[in-house]
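The chain contents come next:
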Amino acid sequence: MATFVTGPHIPQPLPWTVAVDNLTMVDKVPPEMLHLVDTYWHQFPPLDTKWHTALASTMGLLAFIAIVGNSCVILVFSTTKSLRTPSNLMVINLSFADFMMMFTMAPPVIVNSYYGTWIFGALWCEVYGMLGSLSGCVSIWSMTMIAYERYNVIVNGLSAKPLTYQGSVGRILLVWANSLVWTLAPLFGWNRYVPEGNMSACGTDYLSKDWISVSYIYAYSAFVYWLPLFLIIYYYTYILKVVSEHERIMREQARKMNVVSLRSADHSGGRNAEIQLAKIALVTISLWFMAWTPYLVINYVGIFGTGSISPLQTTWGSLFAKANAVYNPIVYGISHPKYKAALRQRFPWLTYRKDKMDQTSIVSNATAIDQCETRT
């Protein structure tokens, strides 16, 4: 069988212009990595060069957007006095996790796509898998905490205990501690991090059928996917219920008074700001679950053995998961008026100019958010 090696560790890129019918996905894997590669992948031929090019190009584009976008969120939220609220500390933590994901995940994938396999050795495969899992876990639990805070403010209202800086920092530390427990476990024998089917990235081992490996996938998916999902559904169910009831009462009262609406900037601004922030969090969380669900399905297909998984499927499942780091700064940039106003002031070349009416709307909405955040 032909091999293409330029040194003891780094393989030469495959000559894609020649026939590779007798090669498999595993033939280019460095010898010290072979113990991590499941025999399942030996049946697949190498991916065509167009898929490696598409993966590297897409990852590079997503990384650029995510790094710039999340850097802007971190900078603006941490340096704008009116945005430095306890609840927004969790927004900064969320953006940091997303920044870390693409900053650490994208460069290795791009390099490995050029070589057609993982070239950085077994240790860095484990580090890569751990960092990807850690940033994803911190991201979802940060958004769960944001959802809980919206639930606490909107549903409990004035009876809710205000969030303090100490309380927010405590929640952030809890999120990181919980995430570290789950993502360090494979380094100590509970499952392991291995090359994925495309051999360009590493993740959890969902093909081994021993109980140690399978139990980790069960537990991880339960506490990092399903539990946050159920909590968020619970929080937003009650948020929507309270908002709907509030709107119904407002309409009935307006009808009794023979007026079109009871709303005014002075009386409904805080409530509208809470609803607006809840919508932002809901959209962000929905996009996160849309991103990670394909990867969860791939893991379940692997441990249950209910279907075939191709290297190409693992490529796009992993890419969809990492793409969640792009959504958050876009959602906050479009939907958070006060952030948008601060971003325009700091980086006017990043935003388009508004007419006078839009500027007035931004100031009004920003004032409303101020009133909401003062309560938190």
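Residues numbered from 1 in each chain as written. Predicted model: local features only at pLDDT ≥ 70, side-chain atom pairs only at ≥ 80, totals over all residues. Heavy atoms only, no water.

With that out of the way, let us pick up the packing of aromatic side chains. Summed over the entire model, instances satisfying the criterion amount to 28 aromatic pairs. Between the aromatic rings of Trp 190 and Tyr 216, the centroid separation amounts to 5.3 Å while the plane-to-plane angle is 80°, which identifies the pairing as edge-to-face. Of this pair, Trp 190 sits in the loop between helix H4 (165-184) and strand S1 (193-195) while Tyr 216 sits in helix H5 (residues 211-256), and the two are 26 residues apart along the sequence. Here the aromatic residues Tyr 148, Tyr 151, Tyr 234, Tyr 235 and Tyr 238 are joined through ring pairs into a cluster of three or more. (Phe/Tyr/Trp six-rings, centres within 6.5 Å; stacked < 30°, edge-to-face > 60°. Helix = DSSP H or I, 4+ residues; strand = E, 2+ residues; numbered from the N terminus.)

A word on the nonpolar core. In terms of nonpolar packing, the biggest core is built from 91 residues, with Trp 41, Met 102, Ile 140 and Phe 289 touching the most fellow members. Not counting chain neighbours up to four residues away, the residues in contact with Met 102 comprise Met 59, Leu 62, Ala 63, Ala 66, Ile 67, Pro 107, Lys 322 and Ala 325. (Core = buried A, V, L, I, M, F, W, Y, C linked by side-chain atoms within 4.5 Å. Buried < 20%, exposed > 50% of the residue type's maximum accessible area, 1.4 Å probe, protein only. Contact = heavy atoms within 4.5 Å.)

Bringing the environment of Trp 41 into the picture now. Along the chain, Trp 41 falls in the segment before helix H1 (49-79). Taking relative accessible area as the criterion, Trp 41 reaches 2% and is therefore assigned buried. Considered as a pair, Trp 41 and Pro 311 are 270 residues apart in the sequence and their alpha carbons are 7.8 Å apart. Every residue in contact with Trp 41, bar those within four places of it in the chain, is listed here: Met 25, Val 26, Pro 195, Gly 197, Met 199, Tyr 206, Leu 207, Ile 309, Ser 310, Pro 311 and Thr 314.

In this section: the state of the cysteines. What the rule picks out here adds up to one disulfide. Put simply, Cys 125 and Cys 202 are joined by a disulfide, and their sulfur atoms are 2.0 Å apart. Judged by the torsion about the S-S bond (-120°), the Cys 125/Cys 202 disulfide is left-handed. Taken together, the positions of Cys 125 in helix H3 (residues 121-156) and Cys 202 in strand S2 (residues 202-204) put the pair 77 residues apart, joining distant regions of the chain. Here the two residues Cys 125 and Cys 202 agree in accessibility, since each one is buried. (Disulfide = S-S within 2.5 Å.)

As a further point, take helix H9 (residues 337-346). With seven of ten residues buried, H9 lies mostly within the body of the structure. Among all positions of H9, only Pro 337, Lys 338, Tyr 339, Lys 340, Ala 342, Leu 343 and Arg 344 are buried.

So, on to the side chain of Arg 171. Mapped onto the fold, Arg 171 is located in helix H4. Here Arg 171 falls in the buried class, since its relative accessible area comes to 18%. Look past the residues within four positions of Arg 171 in its chain and what remains in contact with it is Met 90, Met 145, Tyr 148, Glu 149 and Leu 163.

There is a patch of nonpolar side chains on the surface, built from Leu 61, Phe 64, Ile 65, Val 68 and Ile 330 and spanning about 450 Å² of accessible area. Counting residues per element, the nonpolar patch draws most heavily on H1, at four residues. Classification of Ile 65 as partly exposed rests on a relative accessible area of 33%. (Patch = residues over 30% accessible without salt bridge, like charges linked within 9 Å, V, L, I, M, F, W, Y side chains within 5 Å. Areas by Shrake-Rupley, 256 points an atom, 1.4 Å probe, with all protein chains shown as cover. Salt bridge = Lys/Arg side-chain N within 4 Å of Asp/Glu carboxyl O.)

Let us look at the environment of Asn 198. Mapped onto the fold, Asn 198 is located in the loop between S1 and S2. Considering only alpha carbons, one finds Asn 198 and Ser 113, 85 residues apart in sequence, at a separation of 8.9 Å. Setting aside chain neighbours within four positions, we find Asn 198 in contact with Met 25, Leu 47, His 52, Leu 55, Gly 116, Pro 311, Thr 314 and Thr 315. Among the polar contacts listed, one links the side chain of Asn 198 to the side chain of Thr 315, at a separation of 2.9 Å. (Polar contact = N/O pair within 3.5 Å; in protein donor to acceptor, adjacent residues only side chain to side chain.)

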